[in-house]
Amino acid sequence: MTEHLDFLIVGAGLSGVDAAYHFSQRFPDRSYALLEMRGAMGGTWDLFRYPGVRSDSDMYTLGFKWKPWTGSQAIAEGTDIRAYIREAAQEHGIDQHVRYHHKLVRADFSTAEARWHVEVERTDTGELVELTADFLMSTSGYYRYDEGFTPHFEGREDFAGEIVHPQHWPEDLDYQGKRVVVIGSGATAVTLIPSLADSGAGHVTMLQRTPTYIISQPQNDPIAKGMQRALPAGLASTLTRARYLATHIGFYEFCQKRPRAARGLLRKMLERQLPEDIAFDEHFAPPYDPWDQRLCLVPGGDLFKALRRHTVDMVTDHIERFTEQGILLRSGREIEADIIVTATGLNLLAFGGAELAVDGEEVSLPETMAYKGLMLSGIPNFAFIVGYTNASWTLKADLVCEYVVRLLEHMTTTGQQMVVPRRDHSVEEQPFLDFAANYVLRSVDEFPKQGSQEPWRLKMNYFKDRKVFARPVDDDALEFSSPAPAEVAG
């Protein structure tokens, strides 16, 4: 017989564990499972293993609200984040509900039965497994786990050294004493480069086509640690989260409303950390406004320290081609390298590439519209988590999880078995991710749309979202129902 579950979660990273916690706490007698296509828990933080991998948000807001972060570093390393996720899951028995090597292939919702029919592939054996579930929640993020993005480089096959993408970092890669060129200027590059320089690389060159806004933040927070020592754990966590939220969201709003002033402030903060031989305008002045793309966080100013020690060079130029010895630039300069790291970004993939259907008819995601950034028009009993691009991912995950369990409680109380957002076609369509990063622009047409007004408009402000999500769940955009009773034969 096909196994049935009350609640099915796709993904066992931060968001999946968060969803499992909220569901299991509110509905301890109901069944649930987490499908994880890889062989380990942790999602992003288990996948990425390049040197220096760390959070690009503070852990006081990236950590779960229900499990305060008590680590020594505000910006944590990947190994510590993995351990934190696993500890949180173990403390609440969530780890016992994870099904590893289970990849969601297709999910078809039957309105006659008010349930999902789910097809799962065992990635370790190739076996197909069928499940049914009352409610389906995707917590798999929005990028591909099996490949990163690498643009075409002319002459790639001519290069005599090794070429590595950070998403698939070889455990046995030997970069000791070698010349390493890292292509890219995003969060991965600014994380990887100082770590390589500090752990034995002969010399590291950061090669970027376009500068990125970079901001330093202390690695440790003495105020947070002081509150942890002096105050009850819950109060210390609440106050610390509130301080970080107010600071980060306030700065984001400042950048949006006064971009010119924000440019000047960021310039002043960076110039005093750079050595005199690094030209700010050439290497650190992006052609766009702050927060049109995500700011890169440099904890403890480690990138700038490496620049001052001259163990790292900055080069801003376009690549003409790879050569046997390294990279030839459009300016005519050639950078010699033993290893080239293509920190060139991610490939996006909605819901892990799974097919969604309703009553056998496949859903075209670009024809759907996101309701409150957590459900899709026309798809019953389905929710997803896509975190903030300007703040910690988990902040949005917490709001979504709390909302979903409230929605399920309402359905239980009213005796309804299905809920589906019904789209208002007078609402203007807009891109799902209103973000100018290249990895978003390459794939945004394959994603659902958002709308021009509430409740179809996504927000990037936790404080505003918190008010929206706190409203009653039975608004006009949601349709609640149950299947018609089957006719009695006779």
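Structural notes, computed from the coordinates. (Residues numbered from 1 in each chain as written. Predicted model: local features only at pLDDT ≥ 70, side-chain atom pairs only at ≥ 80, totals over all residues. Heavy atoms only, no water.)

Topic: the overall build of the protein chain
Secondary structure assignment for the protein chain yields 13 helices and 27 strands. Computed over the C-alpha atoms, the radius of gyration of the protein chain is 24 Å, within 12% of the 23 Å expected from 2.2 N^0.38 for a compact globule of 490 residues. On the principal axes, the C-alpha backbone points of the protein chain span a range of 90 × 55 × 45 Å. Residue burial in the protein chain is summarised as follows: out of 490 residues, 54% are buried. When the accessible surface of the protein chain is split by element, carbon and sulfur atoms take 48% of a total near 21,600 Å². Counting 50 positive and 69 negative side-chain charges, the protein chain places the centres of these two groups 8 Å from one another. (Helix = DSSP H or I, 4+ residues; strand = E, 2+ residues; numbered from the N terminus. Rg over C-alpha atoms; globule rule 2.2 N^0.38 Å. Buried < 20%, exposed > 50% of the residue type's maximum accessible area, 1.4 Å probe, protein only. Areas by Shrake-Rupley, 256 points an atom, 1.4 Å probe, with all protein chains shown as cover. Lys, Arg positive; Asp, Glu negative; His and termini not counted. Charge placed at Lys NZ, Arg CZ, Asp CG, Glu CD.)

A word on the sheet that holds strand β14 (residues 319-322)
Strand pairing in a sheet is mediated by backbone hydrogen bonds. Such pairs are either parallel or antiparallel. Spatially, the three strands line up as an open sheet ordered β14-β15-β16, and their pairing is antiparallel. Lying at the two open borders of the sheet, with one neighbouring strand each, are β14 and β16 (334-336). Ignoring which end each strand starts from, the neighbouring axes of this sheet average 20° apart. As paired strands, β14 and strand β15 (residues 326-329) are joined by three bridges and run antiparallel to one another. (Pairing = 2+ DSSP bridges. Axes fitted to C-alpha atoms, helices over the stretch in contact; angles between N-to-C directions.)

Some remarks on the sheet that holds strand β13 (residues 312-316)
The five strands lie next to each other as β8-β17-β9-β10-β13, forming an open sheet whose pairing is parallel. Looking at strand neighbours, the two that pair on one side only are β8 (162-164) and β13, the edges of this open sheet. Each strand of the sheet is rotated relative to its neighbour by a mean of 20°, with strand direction disregarded. With five bridges connecting them, strand β10 (residues 203-208) and β13 associate as parallel partners.

Things to note about the packing of aromatic side chains
Applying the stated criterion to the full structure yields 29 aromatic pairs. With a centroid separation of 5.4 Å and an interplanar angle of 70°, the aromatic rings of Trp69 and Tyr84 are classed as edge-to-face. One end of the pair, Trp69, is in the loop between α3 (59-62) and α4 (78-91); the other, Tyr84, is in helix α4, and 15 residues separate them in sequence. Of the residues examined, Tyr84 reaches a relative accessible area of 6% and is grouped as buried. Ring plane angle 70° and centroid distance 5.3 Å describe the contact between Phe109 and Trp116, whose orientation is recorded as edge-to-face. For Phe109, a relative accessible area of 0% corresponds to the buried category. (Phe/Tyr/Trp six-rings, centres within 6.5 Å; stacked < 30°, edge-to-face > 60°.)

Brief notes about the environment of Glu162
Structurally, Glu162 can be placed in strand β8. Overall, Glu162 belongs to the partly exposed group, its relative accessible area being 38%.

A word on unusual backbone geometry
Here the amide bond leading from Glu454 into Pro455 is cis, since omega sits at 0°, within 30 degrees of zero. Backbone geometry places Phe351, a non-glycine residue, at a positive phi of 55°.

Details of the side chain of His283
Counting through the fold element by element, His283 comes out in helix α9 (residues 280-283). For His283, a relative accessible area of 6% puts it in the buried group. For His283, the residues in contact, after removing those within four places along its chain, are Gln208, Pro211, Ile278, Met314, Val315 and Thr316. (Contact = heavy atoms within 4.5 Å.)

Side note on the side chain of Asp108
Locating Asp108 in the fold gives a position in strand β4 (residues 102-110). Among the polar contacts listed, one links the side chain of Asp108 to the backbone nitrogen of Gly360, at a separation of 3.0 Å. (Polar contact = N/O pair within 3.5 Å; in protein donor to acceptor, adjacent residues only side chain to side chain.)

What to know about the nonpolar core
Of all hydrophobic cores here, the largest spans 138 residues; its most connected members are Val182 and Phe284. Here the element with the most residues in this core is helix α11 (residues 393-414); it accounts for 11 residues. Apart from residues no more than four positions distant in its own chain, Val182 is found in contact with Ala189, Leu192, Ile193, Leu196, Val204, Thr205, Met206, Leu207, Val341 and Ala343. (Core = buried A, V, L, I, M, F, W, Y, C linked by side-chain atoms within 4.5 Å.)

A closer look at the pairing of β15
In textbook terms, the turn of a hairpin is the stretch between consecutive antiparallel strands, and for β14 and β15 this stretch comprises three residues. In this sheet, β16 lies alongside β15 in antiparallel orientation, the contact comprising three bridges. Bridge assignment links Ile327 to a residue of β16, and that residue is Ile335.

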